[in-house]
Structures are given as C-alpha cells and as structure tokens.
Amino acid sequence: MPKEAIPAHVYALCSVLSFALLLLGWSALTYGKYVPPLFLPAPDEIVRSAVTLFAEFGLVTDIIDSVLRVTAGFLLAAAIGVPLGVLMGSLKVCEAFFEPFLGFIRYMPASAFIPLFILWLGIGESEKVAVIFFGTFFQLTLMVMDVTKNVSMDLINTAYTLGVSQRGVFRRVILPASMPGIVDTLRITFGWAWTYLVVAEIVAASSGLGYMIMQSQRFLKTAHIIVGIIVIGLIGIAIDVFFKWLYGRLFPWLGKGGTA
Amino acid sequence: MAAKLLVESVSKVFGDGGRAVTALENTDFTVGESEFITILGPSGCGKSTILKIIAGLTEPSSGRVTLDGRAISGPGRDRGMVFQTYTLFPWLTVTENIEFGLEVAGRPKAERREVADHYIAKIGLRGFESAYPGQLSGGMKQRVAIARALANDPQVLLMDEPFGALDAQTRTVMQELLLGVWEESHKTILFVTHDVEEAVFMGDTVYVMTARPGRIKARIAVPLPRPRSYDIKVSDVFLGIKKEILALIREESWKAANSLELMGDGDEKDV
C-alpha cells in the first residue's frame with residue numbers, strides 16, 4: 001500500500017537485494033561472455049585492479065588530492081554562501097539585490113567556464129577549486145535562502161514580544177531555526193561538488209581520481225575506470241553517513257518526533 | 001479602574017489603491033489595570049490585527065495606542081503575546097523556552113531556574129522540564145507558551161485565539177488553567193476568540209466586533225463572581241449574557257458571509 005510502513009528487516013533486505021541484483025547481472029554478462037572484457041571487465045578483474053591501483057599506482061594519493069580539492073572548493077562556497085543565503089532569506093533588500101543575479105549565473109554550466117578559469121588562474125589548484133566553487137556556490141546560496149525564508153514569522157514575532165532586538169533575531173531565532181535545513185543543503189551540495197571535481201580533473205590535471213579515470217581511458221584500462229567510479233561512490237556514501245550522524249548530534253530535538 | 005491601555009481611534013488599511021482593504025476602522029477602547037478583556041468577532045474582523053498593533057508588530061494606519069501613558073512604537077517585553085499557532089522554539093527544552101525572555105534580558109541563571117520551576121509547576125508539566133516541544137501535545141505546547149509569556153512578567157498579556165487549534169475537551173481544561181494562573185498574578189489580559197462561551201467565561205468585559213471593516217460593536221460587562229469554575233457556564237446570568245451576544249454575533253456573521261460573496265463578485269469584475 002502506498003506510504004505504508006514495512007518492517008525494518010524487509011527494508012534492509014530490499015536495500016541489499018538491489019546491490020546483489022546488480023552484481024548478479026554484471027556477473028552473468030561478463031562470465032557468460034556476452035560482453036567483451038574491454039567494454040565490461042568481470043567483477044574479479046575489478047577487485048584485482050583495485051589492489052594494483054592501491055599498491056602500485058598510488059591511488060591513495062589520488063584520493064587525497066581529490067578530497068582536498070573538493071573540500072577546499074566546497075568550504076569556500078559554504079563560507080560565503082551560507083551567510084549570504086541567510087541574509088537573502090531574511091532581508092528583502094539583500095534578496096532583491098542578489099537573487100536575480102545569482103539566478104542568472106546559476107544557469108550557466110560551470111564546465112563551460114573552465115577555459116576562462118584556465119586563462120585567468122592557470123592550470124594549478126586554484127583553477128580546480130574555482131570550478132568546484134562555481135558549480136556549487138550559486139545553488140547552495142539559493143537553497144539556504146529558501147530554508148531561511150521558511151522560518152515562521154510567528155516564531156520571529158514571538159521573539160520580538162519576548163524582548164529580542166531586530167539584530168538578536170538572527171542569532172536567537174533565524175539561525176537555529178534554519179540550521180537543520182542548512183546542514184541538509186550542505187550535504188546535498190557536497191555531492192554536487194564531487195561531480196564538478198571529475199569535470200575539473202578531466203581537463204588539465206596531473207593527479208586525482210578524475211585524472212586517473214581519464215588516463216585509464218587513454219590506455220583502455222576499463223577496469224581502472226570502474227574502480228575510480230566505485231571509489232567516488234564509496235566516498236560519497238561515507239560523506240552522507242557522516243552528515244546524517246552530524247545531523248543527529250547537532251539536532252537532538254528533531255530526532256525526538258517533531259519539527260515544530 | 002485606572003486606564004492601563006488606551007486604544008484611540010485606531011484604523012488599519014492593508015494594501016493601497018483599488019486593492020486596499022480596511023481591516024480595522026476607528027477602534028476605541030480602554031483596558032483597566034488587571035482587567036481581563038475578551039475580544040469576540042467573526043473571522044476576518046480584524047481582531048488579531050488589534051492585538052498585533054498593541055504588540056507593536058503592526059503599525060496602525062491612523063490612531064494611537066498608549067500603555068501607562070506612553071505611546072507604543074514597536075514590540076517590547078512589556079507586552080507578551082501568545083499566538084494561535086505553536087510558537088515554542090523547537091530547539092529549546094520546556095525549561096529553556098520558559099526562561100527565554102529572562103535569558104534575553106540577561107537575568108542570572110539561578111533566578112531564571114526559579115521562575116521556570118514555578119511556572120512548570122503552575123501549568124502541571126513537572127517531569128517534562130527537559131522535553132522538546134516536538135514531544136508535547138498541542139495543549140501542553142500552549143501551556144508552555146503561556147508560561148513563557150508570563151515568566152517575562154509583562155505589563156499586558158495579549159492572547160490571539162491561543163486555544164483555537166485545540167480540541168473541545170482540552171480547550172475547557174486550558175480555560176480553567178489560564179484562569180487559575182490569572183487569579184494568582186492578575187495580569188492585564190486581552191484575549192481574542194471567536195468562541196462566545198469562551199469569551200464570557202474568561203472575561204471581565206467582552207468586546208463584540210463588527211464584520212469587516214472591524215469596529216467595536218458592543219461592550220458587555222460580565223458580572224460573574226471570581227474565581228470561576230466551569231459550572232457557572234449553566235448559570236442564568238451566564239446564559240443570559242451568552243444569548244445577548246449570540247444575537248449580536250449572528251447579525252455580524254450574516255454581514256460577513258454576504259460581504260465575502262460581494263467581494264467575490266467584485267474580484268470577477270476586476271479581471
């Protein structure tokens with residue numbers, strides 16, 4: 001039935017089943033020789049490639065380089081985007097000034113700016129960080145703005161009648177009320193930051209997961225490409241788990257059955 | 001009774017030009033020290049607007065409001081307010097919510113705790129001190145909201161249909177609870193409602209408002225003795241007042257219903 005709850009073990013079983021089916025289909029295609037290994041290597045080939053990549057090709061360095069780049073670009077976007085979004089969501093003047101502008105740039109593909117960034121910043125780290133920043137900043141700011149806009153006016157008015165000043169309302173009501181939404185926005189945009197990382201590293205890089213994937217394609221090492229993609233997926237899951245844990249820690253009042 | 005709060009020819013118009021709606025027209029009334037006023041009217045009669053103007057959350061289009069002789073300009077802690085919607089801060093516990101106003105005012109922790117403890121006992125929420133609002137029922141939330149407003153020790157308490165979202169049983173309990181708390185502090189209270197029985201049961205004076213544009217249609221004194229318990233709701237005096245008000249309200253509700261229809265027609269012509 002739609003929306004009806006199911007037992008926890010059934011839920012877990014279904015989740016595992018989707019991965020198992022993927023593996024099953026993959027094995028059937030490869031071990032059954034329906035697809036040549038050049039296009040899709042068998043699962044055991046992937047495992048062997050992963051071991052080689054970690055042991056001989058310094059995959060750990062690539063991972064660290066990529067994580068640093070994503071984190072730098074994302075933190076920069078968050079450091080500017082969160083305060084700006086909160087201001088835009090609370091002060092109509094700020095919204096009127098920034099919203100049309102951000103909305104305009106938001107539709108420009110970040111990857112199309114790569115040639116410009118290379119021209120302006122060269123092919124070093126700052127260019128990659130700029131791509132990630134550009135890919136996440138505008139969406140992040142607008143999403144934070146929406147979260148802040150949704151803070152109930154009655155909640156703010158209540159604070160006024162309890163003696164809070166217009167400035168104080170930011171710290172005492174608007175920020176704590178929008179914090180869960182902001183953390184959720186950060187979780188979602190961090191995922192997008194990874195997408196832009198690969199775009200940034202495919203062009204003019206000499207390390208990182210995107211670079212590794214690009215090089216593997218050049219030498220037709222299909223298994224290495226797949227390992228790179230899986231590693232990015234695993235990092236993504238780890239980050240998601242981290243944010244969910246953080247959410248529970250920061251907002252115990254949400255876990256206890258209520259929004260307001 | 002000395003005039004505590006003075007509302008003088010206050011009007012409020014929302015919007016401008018052809019779309020302007022007069023929510024409140026030339027409203028005058030006086031509230032005495034420690035008086036419990038109830039304001040009764042059909043939906044959309046501007047009764048909430050009056051409270052918001054007194055609270056300083058909305059500016060009147062004309063007229064003025066004075067509290068203890070001083071004109072009101074903006075919200076302040078001398079006028080506490082309880083809303084119909086649930087407005088507890090969800091990230092704060094019951095105790096922290098009640099302490100909120102005192103904390104803003106920079107009162108020492110020991111004093112805050114003492115005041116909060118007092119009100120938690122008063123509203124019967126012992127054992128829920130560290131619960132979050134999400135764990136409370138609607139009635140409990142409104143009790144905490146009342147305690148939070150009172151803990152700040154305001155001059156006037158403004159209540160905008162505070163029990164409007166509660167079921168009938170809970171509402172009766174809350175009315176008696178509020179009267180119990182009031183007997184102790186005798187705060188000046190303005191209580192807005194659309195429930196006739198509630199207005200008569202709670203108030204020293206009931207102001208009946210007209211349909212939009214809102215105005216005070218009648219001022220009705222409620223000479224029922226205090227403390228009141230729910231059994232006076234079947235006394236002859238109570239029923240007499242209720243009957244009188246129902247007649248007044250019926251007239252206004254018809255007008256409100258008709259004017260809504262008229263407004264509907266008007267909108268179509270605009271388009």
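Bear in mind that the values here come from a model prediction, so they are computed numbers and not experimental data.

*Asks:* What should I look at first to understand the overall build of chain B in this one?
*Replies:* A count of helices and strands for chain B gives seven helices and 10 strands. The C-alpha radius of gyration computed for chain B amounts to 19 Å, which stays within 12% of the reference 18 Å derived for 271 residues, consistent with globular compactness. Overall, chain B is about 60 × 45 × 40 Å in size when its C-alpha atoms are taken along their principal axes. Taken across its 271 residues, chain B has 42% of its residues classed as buried. For chain B, the proportion of contacts with a sequence separation of at least 24, taken over those separated by at least 6, is 72%.

*Asks:* What should I look at first to understand the sheet that holds strand E1 (residues 3–14) of chain B in this one?
*Replies:* The strands making up a sheet associate through hydrogen bonds between their backbones, and the pairing can be parallel or antiparallel. Residue and element names in this part refer to chain B. Across the sheet, which stays open at both edges, the four strands sit in the order E2-E1-E4-E5 with antiparallel pairing between neighbours. Because the sheet does not close on itself, it has two edges, and the strands there are strand E2 (21–32) and strand E5 (70–71). Here five bridges tie E1 to strand E4 (residues 62–67), and the two strands are oriented antiparallel to one another. Bridging from a neighbouring strand, Glu8 pairs with Arg64 of E4.

*Asks:* Just checking my understanding: could you explain the sheet that holds strand E9 (residues 205–209) of chain B for this structure?
*Replies:* Residues and elements named next belong to chain B. Strand order across the open sheet formed by six strands is E6-E7-E8-E3-E9-E10, with mixed pairing between neighbours. Both edges of this open sheet fall to strand E6 (79–82) and strand E10 (216–221), since each of them pairs with a single strand only. Each adjacent strand pair in this sheet contributes to an overall mean axis angle of 15°, direction not counted. Running over the sheet, helix H4 (residues 138–151) touches E6 and strand E7 (156–160) and is turned about 175° from E6.

*Asks:* How do you make sense of the packing of H4 of chain B against helix H5 (residues 168–185) of chain B when you look at a structure like this?
*Replies:* How two helices pack is summed up by the angle between their axes together with the distance between the axes. All names here are of chain B. Between H4 and H5, the least distance of the axes is 11 Å, while the angle of their chain directions is 15°. Taken together, H4 and H5 sit at an angle that is classed as roughly parallel. Remark: the crossing between H4 and H5 carries right-handed chirality. Here H4 contributes Gly139, Gln142, Arg143, Ile146 and Leu150 to the contact with H5, which in turn contributes Thr170, Val173, Met174, Leu177, Leu178, Val181 and Ser185. Grouping the amino acids of the contact of H4 with H5 by side-chain chemistry returns seven nonpolar, four polar and one charged.

*Asks:* Hey, could you run me through the interface of chain A and chain B in this one?
*Replies:* Interface size is often expressed as the accessible area that is lost when the parts come together. The partner chain B presents 23 residues to the 16 residues of chain A that form the contact. No other element matches helix H7 (residues 153–161) of chain A, which puts six residues into the side of chain A that touches chain B. Its residues placed into classes, the side of chain A that touches chain B shows seven nonpolar, seven polar and two charged.

*Asks:* Whenever I open this one, the nonpolar core confuses me. Can you help?
*Replies:* Across soluble globular proteins, nonpolar side chains show a tendency to be buried alongside one another. Leu40, Ile54, Tyr119, Leu158 and Leu190 of chain B are the most contacted members of the largest nonpolar core, which has 80 residues in total. Sorting elements by how many residues they give to this core places H4 of chain B first, with seven residues. Ile54 of chain B has contacts with Leu5, Val65, Ile72, Arg79, Leu158 and Leu190 of chain B, leaving out every residue within four places of it along the chain. One finds Val70, Val82, Tyr196 and Leu197 of chain A within the second-largest nonpolar core, a separate group that totals 33 residues.

*Asks:* Please explain the pairing of E9 of chain B as it appears in this structure.
*Replies:* Looking along a regular strand, one sees the side chains alternate between the two faces of the sheet. Residue and element names in this part refer to chain B. Across the five residues of E9, four count as buried, placing the element largely inside the fold. Sheet topology note: the strand E3 (residues 36–40)/E9 ladder contains four bridges and is parallel. Each residue of the ladder has a partner; that of Leu40, found in E9, is Val208. Here E9 pairs with E10 via five bridges, running antiparallel. In the strand pairing of E10, Thr205 is matched with Ala221. Where E9 hands over to E10, the hairpin turn is made up of six residues, counted between the paired strands.

*Asks:* Can you help me understand the environment of Thr205 of chain B in this one?
*Replies:* Residues and elements named next belong to chain B. Among the secondary structure elements, Thr205 is positioned in strand E9. Given 18 C-beta atoms within 10 Å, Thr205 falls into the partly exposed group. Thr205 sits 11 residues away from Ile216 along the chain, and the two C-alpha atoms are 13 Å apart. What Thr205 contacts, discounting residues up to four positions off in sequence, is Glu35, Ile37, Arg219, Ala221 and Val222.

*Asks:* Where do I start with unusual backbone geometry in this structure?
*Replies:* The phi torsion of most residues other than glycine is negative, and most of the peptide bonds are trans. Residue and element names in this part refer to chain B. Cis geometry is adopted by the peptide bond preceding Pro227, which originates at Arg226 and carries an omega value of -5°. Relative to the assigned elements, Pro227 resides in the loop between E10 and helix H7 (236–270). In this structure, Asn26 is a non-glycine residue whose phi angle is positive, near 40°. The residue Asn26 is located in strand E2 in this model. The phi dihedral of Ser34 is positive, around 65°, even though this residue is not glycine. Residue placement: Ser34 occurs in the loop between E2 and E3.

Parameters and conventions
Residues numbered from 1 in each chain as written. Chains lettered and ligands numbered in written order. Predicted model: local features only at pLDDT ≥ 70, side-chain atom pairs only at ≥ 80, totals over all residues. Helix = DSSP H or I, 4+ residues; strand = E, 2+ residues; numbered from the N terminus. Rg over C-alpha atoms; globule rule 2.2 N^0.38 Å. Buried ≥ 20, exposed ≤ 12 C-beta atoms within 10 Å, placed from the backbone. Contact = placed C-beta atoms within 7 Å. Pairing = 2+ DSSP bridges. Axes fitted to C-alpha atoms, helices over the stretch in contact; angles between N-to-C directions. Parallel < 35°, antiparallel > 145°, perpendicular 65-115°, else oblique. Left-handed = near helix turned anticlockwise from the far one by under 90°. Nonpolar A, V, L, I, M, F, W, Y, C, P; charged D, E, K, R; others polar. Core = buried A, V, L, I, M, F, W, Y, C linked by C-beta atoms within 7 Å.

These figures capture arrangement, not role.
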